[in-house]
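Below, each chain spelled out in residue letters.
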Amino acid sequence: CTVIFTRLATRDLHKPISILFCNLAVSDLFTSFSGFWISMLFITNPDITIFGSRDMLAPYALYTTSILSTIYNLVSIGIERYLAVAESMRTRFRVARNHSIAVVFVNWVLAFFLGCLPLMGWNCLHAERSVSVLYSPFCVDYLVFIAIPNVALAFVVPLFTYLRIIIILRKRKLRMQACGQATGTYRSAETQVARTSISIWLLALVSYAPFFAGVIFDATNRRCHVDLYPGVYIFRNCTAMLVTITCLGNPVLYTLKLRELGAKLKALRCLSAGRLRACAV
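Values in this document were obtained by computation on a predicted structure and should not be read as measured data. (Residues numbered from 1 in each chain as written. Predicted model: local features only at pLDDT ≥ 70, side-chain atom pairs only at ≥ 80, totals over all residues. Heavy atoms only, no water.)

1. Some details on helix α5 (residues 97–115)
Short version of the rule: Under the scheme used here, helices are H or I runs from DSSP no shorter than 4 residues and strands are E runs no shorter than 2 residues, and both carry numbers assigned from the N terminus. Each residue after the first adds 1.5 Å to the expected span of a helix. Buried, partly exposed and exposed residues are distinguished by accessible area as a fraction of the type maximum, computed with a 1.4 Å probe on protein chains only: under 20%, between the cut-offs, and over 50%, respectively. Each C-beta atom gives one direction from the helix axis, and the arc is the one those directions make.
Here α5 contains 19 residues, and its C-alpha end-to-end distance of 27 Å stays within 8% of the 27 Å for a straight helix at 1.5 Å per residue. What α5 keeps buried is the set Ser100, Val104, Asn107, Trp108, Ala111, Leu114 and Gly115. Burial along α5 is one-sided: seen end-on, the buried residues are contained in an arc of 140 degrees. Counted as exposed and oriented over 90 degrees from the buried face of α5: Asn98 and Phe105.

Take a look at the structure:
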């Protein structure tokens, strides 16, 4: 909420990246709200969070939708940062405000569609054989369908985009060295982008890898709920806490360093364009 109100108060939403950051904060807000809803259901009736109930479909669907929206936003931010850095190098495409709005709309539509599939009938209220042990009454095949491609997307795409950003900055630094120009700005920007990128990727890895491991365990395990209580459910609660940590870490990684990082990237584009023209002449 602080991130959202701050961005609205500063009137910074005309920038494409600011729209993505604000939407990421909305996704984190939905994750927190749905997690609080599930926690209240556990306090009032613990059995339904273990053995499953129709009452769990809506909060789990909202929780899944918010996590999917967060993943799609993280991927979109990584792609936007890559296009911003590569703009003066290989591509003439420039991300505009309308593009960010369209991406936000598509992200939410896709997240709501995939997250609400259990509400549309893909659940195991009447199919005990394929019911999930950790997230009843979700089906195991639905969790596998959701988890594997999206977790892979959250790991692979940001890793590729941020590695490409670091490679582009390093190539620019080498070109500046060949022209005999100072590279202090490039070295500083390269170090900051590398640290931020590694932090982003590690946060996603630490947050979603245990959830992915839980889904794999769910798919390969055939024992009943009572046999796995309480150890497996403690692990499930820990994965939920890691997702919450992601919601707290996103504003730190993206919002607090946004101005400094954005200023460095803008300076690099202007500096690279001017000095490379001078070097060519």
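2. Examining the nonpolar core
Our working definition: Only buried residues count toward a nonpolar core, which is a set of Ala, Val, Leu, Ile, Met, Phe, Trp, Tyr and Cys residues joined through side-chain atoms within 4.5 Å. A contact between two residues is defined here by any heavy atoms of the two lying within 4.5 Å.
Formed by 32 residues in total, the largest nonpolar core has its most connected members in Phe138, Tyr142 and Tyr208. For this core, the elements supplying multiple residues, two or more each, are α2 (16–44), α4 (57–86), α5, α6 (140–178), α7 (184–220) and α9 (231–255). Once residues within four sequence positions are removed from consideration, tyrosine 208 is found in contact with Ile67, Thr70, Ile71, Phe155, Val243 and Thr246. If you look at the next biggest cluster of nonpolar residues, it comprises 17 residues, including Phe21, Leu74, Ile168 and Leu169.

3. Brief notes about a nonpolar patch on the surface
Cut-off, in case you're wondering: Nonpolar side chains (Val, Leu, Ile, Met, Phe, Trp, Tyr) within 5 Å and like charges within 9 Å form the patches, drawn only from residues with over 30% relative accessible area and no salt bridge. Accessible surface area values rest on a Shrake-Rupley calculation with a 1.4 Å probe, where residue burial reflects the displayed protein chains alone. Basic side-chain nitrogens of Lys or Arg form a salt bridge, by our definition, when they fall within 4 Å of a carboxyl oxygen of Asp or Glu.
Residues Phe36, Met40, Phe42 and Ile43 make up a contiguous nonpolar surface patch of roughly 430 Å² in combined accessible area. Checked against the element boundaries, phenylalanine 42 lands in helix α2.

4. Section: the UniProt feature "transmembrane region" (unreviewed entry) in the protein chain
This is how the line gets drawn: UniProt positions are given in the numbering used here, feature names are shortened, and annotations may be inferred rather than shown by experiment.
Under the feature "transmembrane region" (unreviewed entry), the UniProt entry names residues 17–40, 60–79, 100–122, 142–167, 198–217 and 233–256. Summarising residues 60–79: 100% helix, 0% strand, and an end-to-end C-alpha distance of 29 Å. Between the end C-alpha atoms of residues 142–167 there is a gap of 38 Å, over a span that is 100% helix and 0% strand.

5. Details of the packing of aromatic side chains
Counted only if it meets this: Only the six-membered ring of Trp is used, alongside the rings of Phe and Tyr, when aromatic pairs are assigned; centres must lie within 6.5 Å, and planes under 30 degrees apart are stacked while those over 60 apart are edge-to-face, with the rest tilted.
The final tally for this structure, using the stated rule, is nine aromatic pairs. Ring geometry for phenylalanine 33 and tryptophan 37: centres 6.4 Å apart, planes at 45 degrees, overall tilted. Within this pair, phenylalanine 33 and its partner tryptophan 37 are both found in helix α2, separated by four residues, close to a single helical turn. Ring centres 5.3 Å apart and planes at 80 degrees place the aromatic pair phenylalanine 138 and tyrosine 142 in the edge-to-face group. Using a relative accessible area of 0% as the deciding quantity, one classes tyrosine 142 as buried.

6. A short note on the environment of valine 104
With respect to the element layout, valine 104 can be found in helix α5. Relative accessible area serves as the criterion here: at 14%, valine 104 is assigned to the buried category. Taking the C-alpha atoms as reference points, valine 104 and asparagine 73, 31 residues apart in sequence, are found 7.7 Å from one another. Residue contacts for valine 104: discarding those within four places in its chain leaves Ile19, Leu20 and Asn23.

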